[in-house]
Amino acid sequence: MSPAPERVVVVGAGTMGHGIAQVAAQAGSSVTLVDVRLELAVAALATIRANLDGGVTRGKVTAAERDGALARLRTSADLAEAATGAALVVEAVPERLALKVEVLRAAEAAAPPDALLASNTSSLSIGALQDALERPERVVGMHFFNPVHINKLVEVVAGPRSSAAAVERALEHARAFGKEPIRVRDSPGFASSRLGVLLGLEAIRMLEEGVASAADIDRALELGYRHPMGPLRLTDLVGLDVRLDIARHLHETLGGERFRPPALLERKVAEGSLGRKSGRGFYDWDQE
Ligand code: NAD
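The structure reproduced in this document is the subject of the present report. It should be emphasised that the depicted structure is a prediction, and the values quoted were computed from it without experimental measurement.

1. Digging into the packing of helix α9 (residues 214-224) against helix α10 (residues 231-238)
One can describe the packing of α9 onto α10 by two numbers: an axis separation of 7 Å at closest approach and a directional angle of 105°. One finds that α9 runs roughly perpendicular with respect to α10. Across the interface between the two elements, Ala214, Ile217, Asp218 and Leu221 of α9 pack against Pro231, Leu232 and Arg233 of α10. For the contact of α9 with α10, the class distribution of residues is five nonpolar, no polar and two charged.

2. With respect to the site of the ligand
Close contacts around the ligand come from 22 residues, with Met16, Asp35, Glu95, Lys100 and Ser122 the closest. One of the backbone nitrogen or oxygen atoms of methionine 16 is found 2.8 Å away from an oxygen atom of the ligand. At a separation of 2.6 Å, an oxygen atom of the ligand approaches a polar side-chain atom of serine 122. Taking 830 Å² as the accessible area of the ligand by itself, protein coverage stands at 75%.

3. Re empty space enclosed by the protein
Enumeration according to the criterion identifies one cavity of 30 Å³ or more in this entry. Considered as a void within the structure, the largest cavity measures approximately 30 Å³ in volume. Residue lining of the largest cavity: Arg7, Val8, Val9, Ser30, Thr32, Ala82 and Ala86, and that is the complete set. Those elements that place two or more of their residues in the lining of the largest cavity are β1 (7-11) and β2 (30-34). Per element, the largest residue contribution to the lining of the largest cavity is three residues, and it comes from β1. Among the residues forming the lining of the largest cavity, the class breakdown is four nonpolar, two polar and one charged.

4. Examining the sheet that holds strand β5 (residues 116-119)
Taken in spatial order, the eight strands of this open sheet run β3-β2-β1-β4-β5-β6-β7-β8, and their pairing is mixed. Each edge of the open sheet carries a strand with a single partner, namely β3 (73-76) and β8 (180-185). For this sheet, the mean angle separating the axes of adjacent strands, direction not counted, is 25°. Examined bridge by bridge, β1 and β2 share five bridges and lie parallel to one another. Counted as the bridge partner of valine 9 is threonine 32 from β2. The strands touched by helix α2 (residues 38-57) within the sheet are β2 and β3, with β3 carrying the most contacts at an inclination of about 160°.

5. A word on the pairing of β8
Across six bridges, the pairing between strand β7 (residues 153-158) and β8 is parallel. Pairing of alanine 158 across the sheet is with arginine 185, part of β8.

6. Points about the side chain of serine 162
If you trace the backbone, serine 162 turns up in the loop between β7 and α7 (164-176). Using a relative accessible area of 15% as the deciding quantity, one classes serine 162 as buried. A distance of 2.7 Å separates a polar side-chain atom of serine 162 from the backbone oxygen of valine 139. For serine 162, the side chain forms a polar contact with the main-chain nitrogen of glycine 159, separated by 2.8 Å. Dropping the residues within four chain positions of it, serine 162 is found in contact with Gln130, Pro136, Glu137, Val139, Val140 and Val167.

7. Points about the packing of aromatic side chains
If you walk through the whole model with that rule in mind, you get zero aromatic pairs. Between the NZ or CZ atom of arginine 276 and the centre of the ring of tryptophan 285, over which it lies, the distance is 6.0 Å.

8. Some thoughts on the pairing of strand β4 (residues 88-91)
Here β4 shows a buried face lined by Leu88 and Val90 and a second buried face lined by Val89 and Glu91. As paired strands, β1 and β4 are joined by four bridges and run parallel to one another. Each residue of the ladder has a partner; that of valine 8, found in β4, is leucine 88. As paired strands, β4 and β5 are joined by four bridges and run parallel to one another. Within β5, the residue paired with leucine 88 across the bridge is leucine 116.

Rules and cut-offs
Residues numbered from 1 in each chain as written. Predicted model: local features only at pLDDT ≥ 70, side-chain atom pairs only at ≥ 80, totals over all residues. Heavy atoms only, no water. Axes fitted to C-alpha atoms, helices over the stretch in contact; angles between N-to-C directions. Helix = DSSP H or I, 4+ residues; strand = E, 2+ residues; numbered from the N terminus. Parallel < 35°, antiparallel > 145°, perpendicular 65-115°, else oblique. Contact = heavy atoms within 4.5 Å. Nonpolar A, V, L, I, M, F, W, Y, C, P; charged D, E, K, R; others polar. Near = heavy atom within 4 Å. Polar contact = N/O pair within 3.5 Å; in protein donor to acceptor, adjacent residues only side chain to side chain. Areas by Shrake-Rupley, 256 points an atom, 1.4 Å probe, with all protein chains shown as cover. 1 Å grid on protein atoms, 1.4 Å probe; cavity = no way out; pocket = protein on both sides within 12 Å on 5 of 7 lines; lining within 4 Å. Points joined across faces, edges and corners; volume = space filled by probe spheres on them. Pairing = 2+ DSSP bridges. Buried < 20%, exposed > 50% of the residue type's maximum accessible area, 1.4 Å probe, protein only. Phe/Tyr/Trp six-rings, centres within 6.5 Å; stacked < 30°, edge-to-face > 60°. Lys NZ or Arg CZ within 6 Å of the ring centre and 35° of its normal.

See the structure below:
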């Protein structure tokens, strides 16, 4: 397996960015975590430290590995300076095309010409990002999953103009970070959301039709097909509003009826039942 890239820049120190920085630092990369709000990058370091301390307590990480990873992590609010000398830049800023384009353009201008530029987008087209850049061949998707330090999956998304070498490098980097990457062509929902959301929507339609209770629909897949969690409970954890947005996007881009949001989902979101974060979704979380 190839070693981890020497210098990595992660842009955006939120839910995903801090996790990506952590796994890269644990793999041996020198990592700069960049955020427009430096205090968020500093807070992210504290979260990483807590994750690693937890790993030491559970015997998953040695104290020396924790200390080594922490020593390889830096924070910055200056992307241009941080990207100088980077082998890999991963952006994990909010899911807005214009913002991602702005960040990738700045990374392109500052990083060495052979640096790989990756987007952690969960739904935007890699092709649309490439269209805004001067050297689109070195741009790919690297879609990590939350929580990044635990979840093994990375979808490596080949945009229409990504070079084969860039895709191979992204796969290698993901493996070096301890992940199990899959290769996906740039298409709406990639592989994971397209399948996961479809299952969730069908489960909601079954609930609407009175086929079974939410708990029994979930148990069908948990017991019958060994899913770790049923589709309705999972929708509650992700957030019904988040799932509704993805369903609308897939319905618009892929067409047909299969991704049309069920009325029950629309209604629950309209009344503020968003899942665990609001206390209620398909389950009552205040009771759990
Ligand atoms: P988040 O809101 O938790 O974090 C985004 C961070 O980016 C914030 O700290 C913000 O200050 C920073 N930021 C904003 N503009 C910036 C700029 N110009 N330069 C530097 N930093 C900037 O978001 P998140 O949930 O981590 O999502 C980030 C990306 O990952 C999105 O594209 C999202 O779709 C994708 N994603 C999220 C999840 C998830 O479960 N949250 C899973 C997979 C992929």
